[in-house]
Amino acid sequence: MIKVFEKSFFLYTEKTSYVFNITEEGLPEHLYYGKRIDEGTDPSETVRALSGKVSHPKGTTVNYRKDSLTMLEDTMLEISSMGKGDLRTPFVVLEYADGSVTNDFVFESYSVNEEIKYPKGLAHSVDGCKKGEQLEIVLKEKEKDVLLKLFYTVYEECNVITRWCEVENRSGEVVYIKRLMSTQLDLDQSNFKMITFGGNWAREMDKHETVLTHGLFENSTYSGISSNRCNPFVMLTKVSTDETGGEGYGLNLIYSGNHYEAAEVSGFYKTRFISGINPIDFSWKLDAGECFDAPEAVMTFSDCGYRGISFNMHDFVREHIVRSKYKSSPRPILINSWEAAYFNINESKLLALASKAADAGMELFVMDDGWFKGRNDDTSSLGDWTVELKKLPNGIAGLSEKIHKLGLQFGIWVEPEMVNEDSDLYRAHPEYAMTIPGRENSLGRNQMVLDLTNPEVVEYVKDSMRAVFKDNGVDYVKWDMNRMFSDVYSKVLPKDRQRETAHRYVLGLYDIMETLTREFPDILFEGCASGGNRFDLGILNYMPQIWASDDTDAIMRTHIQEGYSYGYPMSTVTAHVYACPNHQTLRNTPLDTRFNIAAFGLLGYELNLCELSKEELDAIRVQTSLYKTWREVLQYGDFYRVSEHEWVTVSKDKRRAIAVTWNELVNPNDYYGVLRTAGLDDELIYHVFNIRLRHDLKEFGDLVNQVSPIHIKKGSVLHNILAKFVKLDGELEDYTVTGSVLNNAGIKLKQAYGGTGFNAETRLFQDFASRMYFIEAKDMTVEMALTVR
């Protein structure tokens with residue numbers, strides 16, 4: 001809801017309010033963003049109460065105007081610039097023909113748009129079922145005929161407000177955009193911490209907290225992509241805020257390129273947050289009559305801790321970012337050929353793997369890298385998207401037909417944005433690669449980035465992918481991107497536009513993705529960039545799910561997937577069950593733990609099923625059946641981070657839930673365990689149960705001799721035979737309790753193994769162990785149960 005009172009603007013979501021006012025000088029002064037407030041019977045009095053008060057000059061600050069006491073350095077603003085006394089990091093920097101960078105934008109007009117406007121050529125939010133409402137503010141530079149348009153879109157039910165802006169050059173001269181952010185949030189306090197999520201390949205989304213006391217803190221990348229080093233999602237919260245309580249803001253950017261998030265505490269103890277395109281290595285030549293649109297930024301506020309921020313973001317992403325036909329439909333369980341065979345694939349191998357997958361209850365077979373002409377390792381053939389007939393004699397269509405006959409969907413891996421030096425494409429068109437003439441180029445994973453600023457290259461990518469997707473029975477595409485940018489340069493741009501290259505690349509990429517996803521609406525697209533190197537809202541706007549990390553290790557995935565969960569719903573995060581030892585960590589982890597953690601994302605398998613034992617395949621059949629039964633809850637339920645080693649996901653109607661607990665390293669002589677939930681209906685009665693595990697005798701080593709009438713040598717033939725036929729029953733948990741008991745007190749679990757004994761009532765919870773608990777509402781309320789009793 002948007003309410004306007006003269007030049008005061010109140011933006012309302014269900015639980016928040018965003019308020020700003022146009023001052024007498026025409027400046028957009030930010031007044032408030034937080035828990036919902038009411039404008040009252042006299043909105044002007046509310047605005048007066050919220051406005052900053054000035055009665056005399058402040059130290060060495062600069063007065064905005066000779067006849068004014070306004071000092072921009074200590075004023076909360078909707079946008080900021082250089083040259084008029086605001087010494088904080090600016091929102092916009094424009095350079096004019098005379099070389100000056102002073103900008104003075106003041107209010108000209110506003111409108112409440114019936115038709116929502118979006119940034120042109122960029123990924124953006126979508127209206128969806130929960131309608132948005134948009135405010136447009138037009139500011140004009142005082143001395144130049146340049147407009148700065150600010151757009152605020154209110155998504156009331158998600159408690160989200162998005163912002164973006166447009167610069168329009170109506171002057172008769174060239175203007176250079178040196179910096180243009182998407183959002184600015186000025187806050188009148190400094191008691192904040194900035195929470196960022198970053199890491200590296202195979203360890204994405206580590207959570208980092210930085211208390212802001214003074215100066216500037218940045219979360220940014222100029223790698224050409226949103227990067228695994230620093231995801232564009234951040235939180236700005238009070239220092240005391242934790243998982244379940246306290247105030248905070250969730251902030252993200254709908255953009256897949258170089259991004260910049262910064263928080264600065266001024267000398268007046270105010271905090272400014274800005275985000276947008278990274279100004280490093282960015283400039284845009286804006287000719288007379290042209291416009292430039294910044295990406296759309298996302299803001300939410302919650303006074304319910306990190307959990308409240310996450311719920312708002314999850315709802316927004318599902319409803320207003322993902323726009324594929326798959327946004328709310330069940331995602332299939334897949335088998336991916338990569339860790340099963342790497343590049344060493346052929347039709348017979350793939351069909352053998354697919355046959356096992358079909359028998360194990362999987363639904364989608366994905367042929368990963370290695371299928372196209374000359375591709376036997378990562379040194380060649382990227383860009384040559386024609387099938388290698390030595391591996392697939394019947395082509396993609398022939399393999400796809402056989403996969404479909406097994407009852408599976410068919411998927412394929414591509415990396416359309418890249419080229420190898422050893423490729424027909426590069427030999428024919430070296431100018432397509434992003435290299436600098438006269439300078440030796442750097443390689444990443446033996447490959448170069450295609451120059452998507454070149455329209456000819458964009459069309460080549462579209463046409464080559466059309467040839468792969470069309471008439472080949474493709475149901476799913478894994479779209480990879482395995483390197484960051486270097487030697488950033490476009491051979492089709494003049495010297496004075498070279499710093500536009502990185503942003504123009506993103507525009508080219510979005511053009512490709514928009515075209516292909518529109519032309520092939522039935523294909524399920526999955527984004528990937530060496531795992532989570534481009535996990536952002538821009539990609540999710542075209543592809544409803546993203547491969548979260550190349551690290552499939554379950555213990556690492558608990559950290560990685562939890563990191564994503566702060567800003568992204570689990571329906572966007574893909575996760576796979578793998579072989580042991582894990583290919584990234586060489587860690588051995590129980591099969592049930594590998595499944596239990598992967599099931600809390602979009603489940604897949606990535607291992608050679610043909611080499612598994614009958615016992616392992618039987619276990620996987622149980623897993624896939626279980627996942628199908630609980631798929632809707634796991635993929636689209638509300639996700640709760642309950643404790644350091646427990647997650648719960650709860651169905652929207654609160655009648656079904658699944659909890660998972662896990663252990664990293666066992667603590668000896670530690671028997672106690674509790675299952676405590678969140679999000680259940682306190683008034684409902686729930687049946688809580690687990691599935692009894694059957695433990696391998698070998699897990700106990702030579703301790704079996706404490707109960708065996710004969711000595712059993714560890715690793716002997718006898719030991720192996722006994723282990724094959726003798727399984728030890730694990731504990732069974734089964735309770736019927738109220739939601740209030742589960743949410744507040746929890747269930748005391750069976751005693752854990754502590755070195756002094758074992759029976760069927762003992763919870764064997766050793767290194768890397770886990771348990772999954774199933775929770776279903778009974779068909780009675782607490783009151784009904786009391787009546788029966």
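Conventions and cut-offs
- Residues numbered from 1 in each chain as written.
- Predicted model: local features only at pLDDT ≥ 70, side-chain atom pairs only at ≥ 80, totals over all residues.
- Heavy atoms only, no water.
- Buried < 20%, exposed > 50% of the residue type's maximum accessible area, 1.4 Å probe, protein only.
- Helix = DSSP H or I, 4+ residues; strand = E, 2+ residues; numbered from the N terminus.
- Pairing = 2+ DSSP bridges.
- Axes fitted to C-alpha atoms, helices over the stretch in contact; angles between N-to-C directions.
- Contact = heavy atoms within 4.5 Å.
- Right-handed = clockwise from strand over helix to strand, strands pointing away.
- Parallel < 35°, antiparallel > 145°, perpendicular 65-115°, else oblique.
- Left-handed = near helix turned anticlockwise from the far one by under 90°.
- Nonpolar A, V, L, I, M, F, W, Y, C, P; charged D, E, K, R; others polar.

Peer 1: Give me the pairing of strand β4 (residues 28-35): which residues, what numbers.
Peer 2: For β4, a buried count of 6 out of 8 residues is recorded, marking the element as mostly surrounded by other parts of the structure. Of the pairings in the sheet, the one linking strand β3 (residues 16-22) to β4 comprises 7 bridges and is antiparallel in character. Within β4, the residue paired with Y18 across the bridge is Y33. From the end of β3 to the start of β4, which pair antiparallel, there are 5 residues, and G26 there has a positive phi angle of about 90°.

Peer 1: Provide a residue-level description of the sheet that holds β4, including the pertinent values.
Peer 2: The strand order across the open sheet formed by 4 strands is β1-β2-β3-β4, and the pairing between neighbours is antiparallel. Both edges of this open sheet fall to β1 (2-5) and β4, since each of them pairs with a single strand only. Going across the sheet, the axis of each strand differs from the next one's by a mean of 15°, ignoring polarity. Along the sheet, helix α1 (residues 43-50) contacts β1, β2 (8-12), β3 and β4; its crossing angle with β2, the most-contacted strand, is approximately 90°.

Peer 1: Which residues make up the sheet that holds strand β30 (residues 602-606), and what are the values?
Peer 2: Sheet architecture is closed into a barrel: 8 strands sit in the order β21-β22-β23-β26-β27-β28-β29-β30, paired in parallel fashion. This sheet shows a mean twist of 30° between the axes of neighbouring strands, independent of strand direction. Here 3 bridges tie strand β21 (residues 334-336) to strand β22 (residues 364-367), and the two strands are oriented parallel to one another. Bridging across to β22, I335 finds its partner in F365. Contacting β21 and β22, helix α4 (residues 347-359) crosses the sheet at an angle of about 155° to β22.

Peer 1: Lay out the pairing of strand β27 (residues 524-527) in plain terms, naming residues and giving numbers.
Peer 2: Here β27 shows two buried faces, one formed by L524 and E526 and the other by F525 and G527. The parallel pair strand β26 (residues 476-479) and β27 is bridged by helix α8 (residues 501-519), and the resulting crossover is right-handed. Taken together, the 2 bridges between β27 and strand β28 (residues 545-547) define a ladder with parallel strand orientation. Looking at the pairing, G527 lines up with I546 of β28.

Peer 1: Please give an account of the packing of helix α10 (residues 554-565) against helix α11 (residues 591-598) that cites residues and values.
Peer 2: As a packed pair, α10 and α11 sit with axes 9 Å apart at the nearest point and diverge in direction by 15°. In terms of orientation, α10 and α11 fall into the roughly parallel class. When the axes of α10 and α11 are compared, the crossing they make is left-handed. Packed against α10, whose contacting residues are A554, R557, T558 and Q561, the element α11 presents T593, R594 and I597 at the interface. Looking at the contact of α10 with α11 residue by residue, the classes come out as 2 nonpolar, 3 polar and 2 charged.

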